[in-house]
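A closer look at the structure
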Amino acid sequence: MVRLISAGKWSELPELYAQDAEVDIVFSPVPPRRIHGREELRKRFAALGADDAIRLHAENIHLHGTDDPEVVIAEFDYEGLYPATGRTFRTANIQVLRVRDGLIVETRDYHDHLAFAAADGRASQLLAAMDQQE
């Protein structure tokens, strides 16, 4: 997964997920915080794969096993670039993944969305949207 993201191969990512996969984007300040199924993931990844969208490269990757053989914890840094703004950023990330029969069936993703928004020039919009939430 990290290799595909770093290579910008967004269109290949959905095939790593089960048809009914659940992705929980824990710290997302705006919806959707939860993505249901491969087809929703396909749409999200397609948007990220646009020519002027984000570029990410994962570094400092550490995998941690758990007592549950289906669960792995991935800890890594993203070096990112938003071509539209020319801004770069670096942020730490953690993903808790459940893999069954070779497919990702569930993830809980912990990313610094404010760092992403600041690099994209959307920090003030993001904060305004958060102010409007109840």
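In what follows, the accompanying structure is described. Please read these numbers as outputs of a predicted model, since none were measured by experiment.

Okay, the overall build of the chain next. Within the chain, the secondary structure is distributed over four helices and six strands. When the helices and strands of the chain are listed from N to C terminus, the series reads α-β-β-α-β-β-β-β-α-α. In summary, the chain has a C-alpha radius of gyration of 15 Å against a globular reference of 14 Å for 134 residues, a match within 12%. Considering only C-alpha atoms, the chain reaches an extent of 40 × 35 × 25 Å along its principal axes. Here the chain holds 134 residues, and 34% of them are scored as buried. In the chain, 47% of the contacts between residues at least 6 apart in sequence involve partners at least 24 apart. Just so you have it, the chain exposes about 7900 Å², and 52% of that area is on carbon and sulfur atoms. For the chain, the distance from the average site of its 15 positive side-chain charges to the average site of its 23 negative ones is 3 Å.

Attention now goes to the pairing of strand S6 (residues 103-110). Across five bridges, strand S1 (residues 17-25) lies against S6 in parallel orientation. If you follow Tyr 17 over to S6, its bridge partner there is Ile 104. Linking strand S5 (residues 87-100) back to S6 in an antiparallel pair, the connection comprises two residues, with Asp 101 at a positive phi of about 55°.

Turning to unusual backbone geometry, a few remarks are in order. Non-glycine residue Asn 60 carries a positive phi angle of around 50°. Here Asn 60 is to be found in strand S3 (residues 55-65). Residue class for Asn 60 comes out partly exposed when judged on its relative accessible area of 42%. In this structure, Asp 101 takes a positive phi of about 55° despite not being glycine. Relative to the elements of secondary structure, Asp 101 occurs in the loop between S5 and S6.

Here we come to a nonpolar patch on the surface. On the surface, a cluster of nonpolar side chains totalling about 260 Å² of accessible area is made up of Leu 114, Leu 127 and Met 130. Among the secondary structure elements, Leu 127 is positioned in helix H4 (residues 123-132).

The next subject is helix H2 (residues 37-48). Taking 1.5 Å per residue as the helical rise, H2 with its 12 residues ought to reach 16 Å, and the 17 Å between its terminal C-alpha atoms agrees with that figure. Listed as buried for H2 are Gly 37, Arg 38, Leu 41 and Phe 45. Around the axis of H2, the buried residues are gathered within 120° of arc, so they sit on the same side. Turned more than 90 degrees from where H2 packs its buried face, Lys 43, Ala 46 and Ala 47 sit exposed. Along its buried surface, H2 packs onto S1, strand S2 (34-36) and S6.

As a further point, take the sheet that holds strand S4 (residues 71-82). Here six strands make up an open sheet; going across it, the order is S2-S1-S6-S5-S4-S3 and the pairing mixed. Here the strands that pair on one side only, and so sit at the sheet edges, are S2 and S3. Within the sheet, the average angular offset between the axes of one strand and its neighbour, ignoring direction, is 20°. Helix-sheet contacts for H2 involve S1, S2 and S6, and the interaxial angle to S1 is about 60°.

Scoring rules and cut-offs
- Note on numbering: residues in each chain are counted from 1, in written sequence order.
- The model is predicted, so local features are restricted to residues of pLDDT at least 70 and side-chain atom pairs to those at 80 or more, both for listing and for counting; the totals for chains, interfaces and linings are taken over all residues.
- For the side-chain quantities, the full set of heavy atoms in the structure was used; hydrogens and water were omitted.
- Helix and strand assignments follow DSSP, with helices taken as H or I runs no shorter than four residues and strands as E runs no shorter than two, numbered in order from the N terminus.
- Throughout, the radius of gyration refers to the C-alpha atoms, and the reference size of a globule is 2.2 Å times the residue count to the power 0.38.
- Burial status follows relative accessibility: with a 1.4 Å probe on protein chains alone, a residue under 20% of its type maximum counts as buried, one over 50% as exposed, and anything between as partly exposed.
- The contact criterion used throughout is that any non-hydrogen atoms of two residues lie within 4.5 Å.
- For every accessible area listed, the method is Shrake-Rupley and the probe measures 1.4 Å; residues are considered covered only by the protein chains on display.
- Counted as positive: Lys and Arg. Counted as negative: Asp and Glu. His and the chain ends are not counted at all.
- The atom standing in for a charge is NZ when the residue is Lys, CZ when it is Arg, CG when it is Asp and CD when it is Glu.
- Pairing between strands is defined by DSSP: at least two bridges between them are needed.
- A patch is a set of surface residues, each over 30% in relative accessible area and not in a salt bridge, joined within 9 Å for like charges and within 5 Å for the nonpolar side chains Val, Leu, Ile, Met, Phe, Trp and Tyr.
- The rule for a salt bridge is simple: a side-chain nitrogen of Lys or Arg has to be within 4 Å of a carboxyl oxygen of Asp or Glu.
- By definition here, a helix of n residues has an expected span of 1.5 Å times n minus one.
- Working definition: the arc comes from the directions between the helix axis and the C-beta atoms, pointing outward to the latter.
- Helix axes are fitted only over the stretch in contact, all axes being lines through C-alpha atoms; the angle between N-to-C directions runs from 0 to 180 degrees.

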